[in-house]
Amino acid sequence: MEGLLEEADELAESFQEHPDVLDAALISAAQKVEHYEIASYGCLVTYAKLMEHEQVAELLGATLAEEKETDSLLTEIAVSEANSRS
Ligand SMILES: [Fe+2]
């Protein structure tokens, strides 16, 4: 995660003079973070189920769904706005 955040900082610095591209770059960086979170929560849901902790699996599953929704919204913004300006 630290590497992903460092990469986002580098993108922000690289494209600070190009605001049209900056938005698209920052969205891509945010989506990498979301994908990392989706993979992590996905594994945790599986582990909770394997250990028969259904309530924990349900709570983690709700967070997993939120991460997926955020990723989906970022894709929508990228496709409908940010990338078309780039
Ligand atoms: Fe997230």
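In the block above lies the structure referred to throughout.
First things first, this report covers the structure right here in the doc. No experiment lies behind these values; they were computed from the predicted model shown.

1. Some remarks on the overall build of the chain
And step 1. Scanning the chain from terminus to terminus reveals three helices and zero strands.
And step 2. Across its three principal directions, the C-alpha atoms of the chain cover 50 × 25 × 10 Å.
And step 3. In the chain, buried positions account for 23% of the 86 residues.
And step 4. For the chain, the share of sequence-separated contacts (at least 6 apart) that also reach a separation of at least 24 residues comes to 59%.
And step 5. Carbon and sulfur atoms provide 56% of the accessible area of the chain, an area that totals close to 6,000 Å².
And step 6. Where the 4 positive side-chain charges of the chain centre and where its 20 negative ones centre are 7 Å apart.

2. Topic: a nonpolar patch on the surface
And step 1. Nonpolar side chains collect at one region of the surface, where Leu44, Tyr47, Leu50 and Met51 lie side by side and expose about 450 Å² of accessible area between them.
And step 2. Within the secondary structure layout, leucine 50 lies in helix α2 (residues 19–50).

3. Let's talk about a negative patch on the surface
And step 1. The grouping of Glu2, Glu6, Asp9, Glu10 and Glu13 at the surface amounts to a negative patch.
And step 2. Within the secondary structure layout, glutamate 2 lies in helix α1 (residues 2–14).

4. Considerations on unusual backbone geometry
And step 1. If you check the backbone angles, glutamate 52 has positive phi at about 60 degrees while not being a glycine.
And step 2. Note on placement: glutamate 52 falls in the loop between α2 and α3 (54–85).
And step 3. Accessibility expressed as a relative area gives 65% for glutamate 52, which makes it exposed.

Reading the values: rules and limits
- Residues numbered from 1 in each chain as written.
- Predicted model: local features only at pLDDT ≥ 70, side-chain atom pairs only at ≥ 80, totals over all residues.
- Heavy atoms only, no water.
- Helix = DSSP H or I, 4+ residues; strand = E, 2+ residues; numbered from the N terminus.
- Buried < 20%, exposed > 50% of the residue type's maximum accessible area, 1.4 Å probe, protein only.
- Contact = heavy atoms within 4.5 Å.
- Areas by Shrake-Rupley, 256 points an atom, 1.4 Å probe, with all protein chains shown as cover.
- Lys, Arg positive; Asp, Glu negative; His and termini not counted.
- Charge placed at Lys NZ, Arg CZ, Asp CG, Glu CD.
- Patch = residues over 30% accessible without salt bridge, like charges linked within 9 Å, V, L, I, M, F, W, Y side chains within 5 Å.
- Salt bridge = Lys/Arg side-chain N within 4 Å of Asp/Glu carboxyl O.

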